[in-house]
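Structural characterization, general
Residue-level listing of the chains:
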Amino acid sequence: MKSNEDRRCCLRPALCSHAALLALILLTFSSCVTEPREEFGPIPLMTQGVYVLNEGNFGRGNSSLTLYIPDSNRVYQDIFRAVNGRDLGDVGNDMLIAGTRAFIVVNGSDKIEVIRTSDHSLIKTIHLEAGRSPYNIVISGGKAYVSNLYARSVTAIDVASLTIVQDSIPVGPNPQGLAAISGKIYVCNSGFGSGRTVSVIDTLTDRVIRTISVGDGPSVARTTPDGRIWVLCTGSYGDYDNPNDDTPGKIFIIHPSIDAVIDSISTGTAGHPLKMAISFDGYAYVVKDNAIMKYSTRIDQITSFGYIIGSATSTLYSVAVDDYTGDLYVGDARNFVQNGEVHIYRSDGVLRQSFEAGIIPGTIVFKR
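To keep things clear, this report deals only with the structure shown in the data block. (Residues numbered from 1 in each chain as written. Predicted model: local features only at pLDDT ≥ 70, side-chain atom pairs only at ≥ 80, totals over all residues. Heavy atoms only, no water.)

Our focus in this paragraph is the overall build of the protein chain. Counting its secondary structure elements, the protein chain contains two helices and 29 strands. For the protein chain, the residues scored as buried account for 56% of the 368 residues in total. The long-range fraction of contacts in the protein chain, counting pairs at least 24 apart against all pairs at least 6 apart in sequence, stands at 48%. With the model as given, the accessible surface of the protein chain reaches about 14,800 Å², and the carbon-plus-sulfur share is 50%. (Helix = DSSP H or I, 4+ residues; strand = E, 2+ residues; numbered from the N terminus. Buried < 20%, exposed > 50% of the residue type's maximum accessible area, 1.4 Å probe, protein only. Contact = heavy atoms within 4.5 Å. Areas by Shrake-Rupley, 256 points an atom, 1.4 Å probe, with all protein chains shown as cover.)

Let's shift gears to the sheet that holds strand β11 (residues 153-158). Strand pairing in a sheet takes place through backbone hydrogen bonds and is either antiparallel or parallel in direction. Pairing is antiparallel in the open sheet, where four strands are placed in the order β9-β10-β11-β12. Among the strands making up the open sheet, the edge pair consists of β9 (134-140) and β12 (163-170). Neighbour-to-neighbour, the strand axes of the sheet open up by a mean angle of 20 degrees, direction not taken into account. Of the pairings in the sheet, the one linking strand β10 (residues 143-148) to β11 comprises six bridges and is antiparallel in character. Following the sheet pairing, Y145 is matched in β11 by A156. (Pairing = 2+ DSSP bridges. Axes fitted to C-alpha atoms, helices over the stretch in contact; angles between N-to-C directions.)

Before going further, it helps to examine the pattern of salt bridges. Counting across every chain of the model gives 14 salt bridges. In this structure, R86 engages E113 in a salt bridge whose closest nitrogen and oxygen atoms are separated by 3.0 Å. In this pair, R86 is assigned in the loop between α2 (79-84) and β5 (92-98) and E113 in strand β7 (residues 111-116), connecting sequence segments 27 residues apart. Using a relative accessible area of 29% as the deciding quantity, one classes R86 as partly exposed. For D216, the salt bridge identified is with R196, shortest N-O distance 2.5 Å. Highlighted residues: D216 in the loop between β16 (207-213) and β17 (218-223) and R196 in the loop between β14 (184-189) and β15 (197-202), separated in sequence by 20 residues. In this structure D216 comes out as buried when scored by relative accessible area, which is 17%. If you follow the salt bridges from partner to partner, you end up with R86, K111 and E113 in one network. (Salt bridge = Lys/Arg side-chain N within 4 Å of Asp/Glu carboxyl O.)

Turning our eyes to something else, we now look at the pairing of strand β27 (residues 341-345). With four of five residues buried, β27 lies mostly within the body of the structure. Two elements, strand β26 (residues 328-332) and β27, share five bridges in a ladder whose sense is antiparallel. The residue of β27 that forms the bridge with L328 is Y345. Two strands pair when backbone bridges link them, and β27 and strand β28 (residues 351-356) are joined in this way by five bridges, in the antiparallel orientation. When the bridges of β28 are listed, Y345 appears paired with L351. Hairpin connection from β27 to β28: five residues lie between these consecutive antiparallel strands, with G349 at a positive phi of about 90 degrees.

On to the nonpolar core, then. Counting residues in each nonpolar core, the largest one holds 19 residues, and the members touching the most others are Y285, I292, I308, V319, L328 and V330. Looking at this core, the elements that each hand over two or more residues are β22 (283-288), β24 (301-309), β25 (316-321) and β26. In terms of residue count, the dominant contributor to this core is β25 (four residues). Residue contacts for I292: discarding those within four places in its chain leaves Y285, V286, V287, S304, F305, G306, Y307, I308, L316, V319, L328 and V330. Formed by 16 residues, the second largest nonpolar core is a distinct cluster that contains L53, Y76, L88 and V365. (Core = buried A, V, L, I, M, F, W, Y, C linked by side-chain atoms within 4.5 Å.)

According to the stated counting rule, one finds six aromatic pairs in the structure shown. Ring geometry for Y68 versus F355: centroids 4.4 Å apart, planes at 20 degrees, classification stacked. Taken together, the residues span a long stretch of sequence, with Y68 in strand β3 (residues 64-69) and F355 in strand β28 at a distance of 287 residues. A relative accessible area of 3% means that Y68 is categorised as buried. Using a relative accessible area of 2% as the deciding quantity, one classes F355 as buried. The interplanar angle of 75 degrees and the centroid separation of 6.1 Å between the aromatic rings of Y150 and F192 together place this pair among those described as edge-to-face. In this pair, Y150 is assigned in the loop between β10 and β11 and F192 in the loop between β14 and β15, connecting sequence segments 42 residues apart. (Phe/Tyr/Trp six-rings, centres within 6.5 Å; stacked < 30°, edge-to-face > 60°.)

Time to look at the sheet that holds strand β19 (residues 250-255). Spatially, β17-β18-β19-β20 is the arrangement adopted by the four strands of the open sheet, whose pairing is antiparallel. Each of the sheet's edge strands pairs with one partner strand only, and the pair in question is β17 and β20 (260-266). If you compare each strand with its neighbour and ignore which way they point, the axes differ by 25 degrees on average.

Next comes the structure, spelled out in structure tokens:
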């Protein structure tokens, strides 16, 4: 079993070298902004708000769920435990909302927790086989698909009954990111940097119908407003102590009508991109080396290498777009031991405000 530090270096090597970046100080709040208020009382029923899934440290069982209510500007910490009377588990890795339910992938605990978004109460725990290490989740055609990092497979779950309908759909090595479009699931076979393929699953048969070659380490897949798939490749790492034998990250664009790569975009000649979010208005935001890069999905080009730059004390780690307001939410893992923060930026890149989250804020989702 890998230690927490070994595991982080395998999955997210760019984090271990971010100190070399010459960071700028984050913009200060304007005087008219009210600091978010952290609450310790009863958690309110929620019609809309922002969930932050905090990974926690591998092997510590200290993942948690933070709730931020923009309308009241209030923050509630560790709400899964507060409502359900127990810890969330070991490494909260991904989360999505489907109707009145939220699905939380708990990587090290080999399970998916399903809660009500109204009151955050537990509906069901879906247990997977020990050692599979579920990683990412998408929903398509009434089924949830979960990539199994250490099992070279994807599990399909019926959303209505919350039962497993396909236990193990074989894919490539160390599958991570998933995207759903046109009745198909696109699976990033990362190989921890050594994989170079995307598996395509037909949701009617739950079988792989095609394998697409991309770059080194495909890890994130997102759909664009015009119906294509952007695949973020982290690059390969070779000798971890020698960055000179690494290969750079890259974005590959797949068209689902032909299931083939139609274009690719550089993310720079050094460093390894980590996460990516795509907005409804046609922009992609990529986390790399304690900064956020911005791309246009309309013209398939980068618009800014340093759209947002972290400070000397930050580690920008995750990103999400609130398409309702246009705000960009950026998870800051700090030193991966203390509680992190979430920074909220306006669409023009100006910092609006920040609020405290749990340890390693890795996934940010919106309930509207």
